[in-house]
Structure formats: C-alpha cells, structure tokens
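Listed below are the residues making up each chain.
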Amino acid sequence: MHLEIITPDRKVFTGEATAVTFPGTEGQFQVLNDHAPIVSTLARGPVTIATGAGTQTFTVDGGVVEVLNNKVLVLAEAVIAA
C-alpha cells in the first residue's frame, strides 16, 4: 500500500509499506494491505512503518489518518524528532 505522512510544513514520508501501526486516540491500531476504508484521529505517539527494507518509526503529535483503496494519508500536526 502507498503511504504518505504530511505535516503543515513538509512531507515526512512517501513510499510503499506492508503494515503501519498508529497511535489512535482510542488505542493503537494497525493497517495492512486491503484494509477497509477508515478515517481516525491520532494521539501523540509512534507511527511504525514496515517496508520490504525494514521498519521506520516517526513520533507524531496528533493528527488524522485516512485509509482508502490501499492509499494511507497521514495529516500530522507535527513530527517530533527522536
């Protein structure tokens, strides 16, 4: 699936992912390929991206995620440096 993580001032990540784990405001959840459409708010916490090359983690400070037709768009308030 195609993943984009965007903040108001920059594009943080664009690429293909096999799984993404999010810090939802109602609890952590994971999105895999062919996931049902969903829109969810995000709490402050780690977004973990699994790709063919390994895993990457970004810490977001809230935001919104939309999943539709194997495209995942994250509109983050900010990405906090690790």
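So, here is what we can say about the structure in this document.

Scoring rules and cut-offs
- Residues numbered from 1 in each chain as written.
- Predicted model: local features only at pLDDT ≥ 70, side-chain atom pairs only at ≥ 80, totals over all residues.
- Heavy atoms only, no water.
- Core = buried A, V, L, I, M, F, W, Y, C linked by side-chain atoms within 4.5 Å.
- Buried < 20%, exposed > 50% of the residue type's maximum accessible area, 1.4 Å probe, protein only.
- Helix = DSSP H or I, 4+ residues; strand = E, 2+ residues; numbered from the N terminus.
- Contact = heavy atoms within 4.5 Å.
- Pairing = 2+ DSSP bridges.
- Salt bridge = Lys/Arg side-chain N within 4 Å of Asp/Glu carboxyl O.
- Patch = residues over 30% accessible without salt bridge, like charges linked within 9 Å, V, L, I, M, F, W, Y side chains within 5 Å.
- Areas by Shrake-Rupley, 256 points an atom, 1.4 Å probe, with all protein chains shown as cover.

**Quick notes on the nonpolar core**
Line of reasoning, step 1. In terms of nonpolar packing, the biggest core is built from 21 residues, with Leu 3, Ile 5, Phe 22, Ile 49, Val 72 and Val 74 touching the most fellow members.
Line of reasoning, step 2. Elements that contribute at least two residues to this core include exactly strand 1 (2-6), strand 2 (11-16), strand 3 (19-24), strand 4 (27-32), strand 5 (38-51), strand 6 (54-68) and strand 7 (71-76).
Line of reasoning, step 3. At 4 residues, the largest contribution of residues to this core is made by strand 6.
Line of reasoning, step 4. Residues contacting Phe 22, with those up to four places away along its chain left out, are Gly 27, Gln 28, Phe 29, Val 31, Leu 42, Pro 46, Val 47, Val 65, Val 72 and Val 74.

**Topic: the pairing of strand 6**
In the case of a regular strand, side chains alternate between the two sheet surfaces.
Line of reasoning, step 1. Bridge count between strand 5 and strand 6: 13 bridges; the pairing is antiparallel. Residue Thr 51 lies in a different strand from strand 6, and its bridge partner there is Gly 54.
Line of reasoning, step 2. With antiparallel pairing between neighbouring strands as the criterion, strand 5 and strand 6 make up a hairpin whose turn holds 2 residues.
Line of reasoning, step 3. Bridging between strand 6 and strand 8 (residues 79-80) involves 2 bridges; their strand directions are antiparallel. Paired with Thr 59 across the bridge in strand 8 is Ile 80.
Line of reasoning, step 4. Taken together, strand 6 and the strand that follows it, strand 7, pair antiparallel across an intervening segment of 2 residues, in which Asn 69 is found at a positive phi of about 50 degrees.

**Some remarks on the side chain of Ser 40**
Line of reasoning, step 1. Relative to the assigned elements, Ser 40 resides in strand 5.
Line of reasoning, step 2. Once you skip the residues sitting within four places of it in the chain, Ser 40 turns out to touch Phe 29, Gly 63, Val 64 and Val 65.

**So, the pattern of salt bridges**
Line of reasoning, step 1. One pass over the structure, following the stated rule, counts 2 salt bridges.
Line of reasoning, step 2. For Glu 4, the salt bridge goes to Lys 11, with nearest N and O atoms at 3.2 Å.
Line of reasoning, step 3. For the salt bridge of Arg 44 with Asp 61, the shortest nitrogen-to-oxygen distance reads 3.9 Å. Of the two residues, Arg 44 is situated in strand 5 and Asp 61 in strand 6; the sequence distance between them amounts to 17 residues.

**Topic: a nonpolar patch on the surface**
Line of reasoning, step 1. Taken together, Val 39, Val 64 and Leu 75 make up a surface patch of nonpolar side chains, about 260 Å² in accessible area.
Line of reasoning, step 2. You can see Val 64 is positioned in strand 6.

**Let's talk about the environment of Gly 24**
Line of reasoning, step 1. Positionally, Gly 24 belongs in strand 3.
Line of reasoning, step 2. Taking the relative accessible area as the measure of exposure, Gly 24 reaches 10% and is therefore buried.
Line of reasoning, step 3. When the C-alpha atoms of Gly 24 and Asp 9 are compared, they prove to be 22 Å apart, with 15 residues separating the residues in sequence.
Line of reasoning, step 4. Once residues lying within four places of it in the same chain are set aside, the contact partners of Gly 24 are Phe 29, Thr 41, Leu 42 and Ala 43.

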